[in-house]
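Residue-level structural notes
Chain residues, written in single-letter form:
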Amino acid sequence: MISFSNPQVYERFSGVAKVLSSWKFMKIDFAIIGTGGCGTTSLRRNLAQHAEVRFTNENEDELFAPGYAYEYQGGFRLLPTEAQVNMVRCGRARCHGERKERVVLGVKNFQLHNFDFGLVALSMLDRVKLIMLVCDPLDRLEKVLHYFHCGFDAQTRQHCQNRTVIDEIVAKWSSVAHLVEEHKEHWVAARRLLIVSSLFDTRDVMVVHQQILREFPARLYRALFHHIGLQEPPDIRYHRYNSFGGRRTGLCQRKNLLKEFQEALEPEYRRLEEVLRQLGHPEISELSRRTTRCHRHAELRRAARCVNQRCDL
C-alpha cells in the first residue's frame, strides 16, 4: 500500500520530449564518412567550391555520429527528431517550405566509418552516396600519436618542436604491439570497409586511397563530382587542407622502431589490400610496397602545418 502522506509520491520526472520524424524526410545526397587523417577535410573544402554543393555543418556533422569522441548523454535513436530533419532541410528548427535553390546536400564526419549506429542510420536514407578515403595505417596512427602527445595549438606543442618524441610516446607502453592495439580505432580501415559494403549498395560507395588524391587530384575530383551527380565546374583549382609535414614525432628517423610499427600493422596491410581488391579498387603501389610518409622525402622536408586551413604547396 502506498502512503499518500509520503511527499515523494508527488515528485514528477523531469525531461525533454522531442518530436520524432522519419529518415525519408532527410534529403541528404552524399556523405564523406572517413577515414580521419587521410584527407577528408580536403574533400569537403574542394567539393564545396561547386555552386550547387552544400554541407549540413561547417565542420564535423554529429547527426549520425553523436558522442563517438565525447561523452554523449542524449541516447541513441534509430529515428531523427523533427528538429534535426528541419535543420537539414532549411537550416532552422522549424521550416516554412522546402529549399528553393538546387542543392546537392552532403554530410562530412571523418569518424563516421567507425560508428556502427551512425552507419546503420545512414543506410536508412534513400540511395545516399558514400565517399570513404583510406591511407597508410601507420601514417594515420603516427599523426594521432603526435596530436595526443603534443597538442593542437602552438603553446601546448612548443615542447615538441625540433625534438624526436616518439621514444617518449612508446615508453608509456609495454611494447609497440601493445600501443598499436590500444589505438586500433585510429588505424583500422579494412574491417570498417567490409561493414560499409554490407550495409550499402557498392555502386553507391566510392572508396579511394590517398595516393590517388595526392597524385591525380583533378582526375579524382572529376570522378567524385560525377559520383554525386554533378559536372565538374570549369577552371576549378584543388587545394590541400589540414596537413602537417615535417618530422612530426620523429618516427621516420628511428628506422628500427619504424620497422616494429609496420610489423605490428602488417595484418591490417594485408587485409586492406584484400578488401580493396574485392571492391575493384586499382592496385596501390604505396600499399603493396608498404610505403609510408617516411619514404616521401619532400613531405618530410615540408615543415608547414596548416590545421583546418589551406596549404599552399
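No experiment lies behind these values; they were computed from the predicted model shown. (Residues numbered from 1 in each chain as written. Predicted model: local features only at pLDDT ≥ 70, side-chain atom pairs only at ≥ 80, totals over all residues. Heavy atoms only, no water.)

Right, let's get into the nonpolar core. By size, the foremost hydrophobic cluster in this structure holds 80 residues, and its most contacted members are Ile28, Phe30, Ile33, Phe64, Leu122 and Phe261. Ranked by residue count, the leading element in this core is helix α10 (residues 255–278), at 8 residues. (Core = buried A, V, L, I, M, F, W, Y, C linked by side-chain atoms within 4.5 Å. Buried < 20%, exposed > 50% of the residue type's maximum accessible area, 1.4 Å probe, protein only. Helix = DSSP H or I, 4+ residues; strand = E, 2+ residues; numbered from the N terminus.)

On to the pairing of strand β3 (residues 104–108), then. Counting buried positions along β3 gives 5 out of 5 residues, so the element sits mostly inside the fold. Taking every second residue as pointing to the same face, both faces of β3 are buried, with Val104, Gly106 and Lys108 on one and Leu105 and Val107 on the other. Bridge analysis of strand β2 (residues 53–55) against β3 gives 3 bridges, and the strand direction is parallel. Looking at β3, one finds that Phe55 is bridged to Gly106. (Pairing = 2+ DSSP bridges.)

This brings us to the state of the cysteines. Going through the model one piece at a time under the given rule, you end up with 2 disulfides. Here Cys38 engages in a disulfide with Cys135; their sulfurs sit 2.0 Å apart. Around the S-S axis, the bridge from Cys38 to Cys135 shows a dihedral of about -70° and counts as left-handed. Taken together, the residues span a long stretch of sequence, with Cys38 in the loop between β1 (30–32) and α1 (40–47) and Cys135 in the loop between β4 (129–134) and α4 (137–150) at a distance of 97 residues. Classification of Cys135 as buried rests on a relative accessible area of 4%. Paired through a disulfide, Cys252 and Cys294 show a sulfur-sulfur distance of 2.1 Å. Handedness of the Cys252-Cys294 disulfide follows from its S-S torsion of about -75°: it is left-handed. Of this pair, Cys252 sits in the loop between β6 (240–244) and α10 while Cys294 sits in the loop between α11 (285–288) and α12 (297–301), placing them 42 residues apart in sequence. The pair Cys252 / Cys294 is uniform in exposure class, with both members buried. (Disulfide = S-S within 2.5 Å.)

A word on the environment of Ile228. Summarising the element assignment, Ile228 is placed in the loop between α9 (217–227) and β6. Of the residues examined, Ile228 reaches a relative accessible area of 8% and is grouped as buried. C-alpha of Ile228 to C-alpha of Leu130: the two residues are 98 residues apart in sequence and 8.8 Å apart in space. Apart from the residues within four sequence positions on either side, Ile228 is in contact with Phe30, Val53, Val104 and Ile131. (Contact = heavy atoms within 4.5 Å.)

To continue, consider the environment of Leu122. Counting through the fold element by element, Leu122 comes out in helix α3 (residues 116–123). Measuring from C-alpha to C-alpha, the distance between Leu122 and Phe30 comes to 9.9 Å, with 92 residues separating the pair along the chain. Those residues in contact with Leu122 that sit more than four places away from it in its chain are Ala31, Ile33, Phe64, Leu112, Val128, Leu130 and Phe200.

To continue, consider the side chain of Thr291. Here Thr291 is to be found in the loop between α11 and α12. Discounting chain neighbours no more than four positions away, the residues touching Thr291 are Asp136 and Glu286.

For the structure shown, the criterion picks out 18 salt bridges. Measuring nitrogen to oxygen at the nearest pair gives 2.4 Å for the salt bridge that ties Asp116 to Arg192. Taken together, the residues span a long stretch of sequence, with Asp116 in helix α3 and Arg192 in helix α7 (residues 190–199) at a distance of 76 residues. Note on Asp116: relative accessible area 41%, which makes it partly exposed. (Salt bridge = Lys/Arg side-chain N within 4 Å of Asp/Glu carboxyl O.)

With respect to the element layout, His227 can be found in helix α9. When its relative accessible area of 13% is taken as the criterion, His227 is described as buried. Counting along the chain gives 97 residues from His227 to Leu130, while the straight-line C-alpha distance between them is 8.9 Å. Every residue in contact with His227, bar those within four places of it in the chain, is listed here: Lys129, Leu130, Ile131, Arg203, Asp204, Val205 and Met206.

On to the sheet that holds β1, then. If you walk across this open sheet you meet the 5 strands as β2-β3-β1-β4-β5, and the pairing is parallel. A strand with exactly one partner marks an edge of an open sheet, and here the two such strands are β2 and β5 (205–209). Averaged over all neighbouring strand pairs, the angle between strand axes comes to 25°, with direction disregarded. Pairing between β4 and β5: 5 bridges, direction parallel. Bridged to Leu133 within β5 is Val208. (Axes fitted to C-alpha atoms, helices over the stretch in contact; angles between N-to-C directions.)

In short, the description is geometric, and any link to function would need to be established separately.
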